[in-house]
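The residues making up each chain are set out below.
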Amino acid sequence: MPSTLDDKLVIAISSRALFNLDESHQVYKEQGLDAYSAYQVQREEEPLEPGEAFPLVHKLLRLNELLGGEQQVEVVLLSRNSADTGLRVFNSIKHYDLSISRAAFCGGESPWRYINAFGCQLFLSSEAEDVRYALDCGVAAATLVSNKRGSGQDGDQLRFAFDGDAVVFSDEAEQVYKSEGLDAFTASEVAAAKQPLAGGPFKPFLAALHRLQQAFPATEAPIRTALVTARSAPAHERVIRTLRAWDIRIDESIFLGGLNKTDFLRAYQADVFFDDQQSHCESASPHIATGHVPHGVANS
């Protein structure tokens, strides 16, 4: 029987998100594909420096060890490189002892079309166009916009932080806010407090994290999740009831009422933060690995 990735948490990552390929990408932009290929082949035994997503990937793969060696987390490499130029990437994976064995090297084309075939629940890339295609395929996806490289939070615990509207939830409430203002948004959410919000692009990924958390006692789980939202009371009630209806646990919920999120993300010690608002991403990115989710009315 063929191997499958069913029932696993499957993360797809681009080579430029996993490793720092800025220098070689500059060669490609300035000198073209042939020069880029020669550059990579000449340096294929030279390990690449860690990229923005490296600490996150390292912690994700560490979860398998904490599960007694059971492979519940799979990281798949999706790359615009050819297999020939991608050899340096695989050599770097081996150098850092990352348990990544599956990959698609697409020879200059976008790799998004393999996301569903691999059964991925999350796609992280530095290419905004690829991320949009992944979202269109129904997969949680984000463009990494962080200025941090290769440095994550200390310890084994993996801390995810999510914005609410247009990320975990649909943008239905955000549409009211954008078109009619804060008072109309608040009134609408109070009126619909007992009506669960529809799911956003990150709902399935959050559900997958929740299932993985169930393998550990609540006080010892190596995954921790936080909702960090600009909402405040009384618009908080619909969020709480929605998560309850979904039967998904969020460890921390922070209702900021429009305050800047960055200090709270730093206090939470987030390993990665996902938000649909460019301004929130720009504020957080110098301090925390940040993924912009180009979804919803704020990105239309």
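Scroll up to find the structure this text is about.
Residues numbered from 1 in each chain as written. Predicted model: local features only at pLDDT ≥ 70, side-chain atom pairs only at ≥ 80, totals over all residues. Heavy atoms only, no water.

> Honestly, the sheet that holds strand 10 (residues 290-292) in this entry has me stumped. Any pointers?
Spatially, ten strands are ordered 3-2-1-4-5-10-9-6-7-8 in an open sheet, and the strand pairing comes out mixed. Each edge of the open sheet is held by one strand with a lone partner, namely strand 3 (102-105) and strand 8 (252-255). Between one strand axis and the next, the sheet turns by 25 degrees as a mean value, whatever way the strands run. Pairing of strand 5 (residues 140-144) with strand 10 involves two bridges; the strand directions are antiparallel. Residue Leu 144 lies in a different strand from strand 10, and its bridge partner there is Gly 291. Seen against the sheet, helix 9 (residues 203-213) touches strand 1 (9-14), strand 2 (73-79), strand 4 (122-125), strand 5, strand 6 (158-162) and strand 7 (223-229) and runs at an angle of roughly 145 degrees to strand 7. (Pairing = 2+ DSSP bridges. Helix = DSSP H or I, 4+ residues; strand = E, 2+ residues; numbered from the N terminus. Axes fitted to C-alpha atoms, helices over the stretch in contact; angles between N-to-C directions. Contact = heavy atoms within 4.5 Å.)

> What is the right way to look at the pairing of strand 2 in this model?
Remark: a regular strand shows side chains that alternate across the two faces of the sheet. Among the seven residues in strand 2, seven count as buried, and that is most of the element. Residues Val 73, Val 75, Leu 77 and Ser 79 of strand 2 are buried on one face, and the alternating residues Glu 74, Val 76 and Leu 78, pointing to the opposite face, are buried as well. Direction of pairing for strand 1 relative to strand 2: parallel, over a ladder of six bridges. Looking at strand 2, one finds that Ser 14 is bridged to Leu 78. (Buried < 20%, exposed > 50% of the residue type's maximum accessible area, 1.4 Å probe, protein only.)

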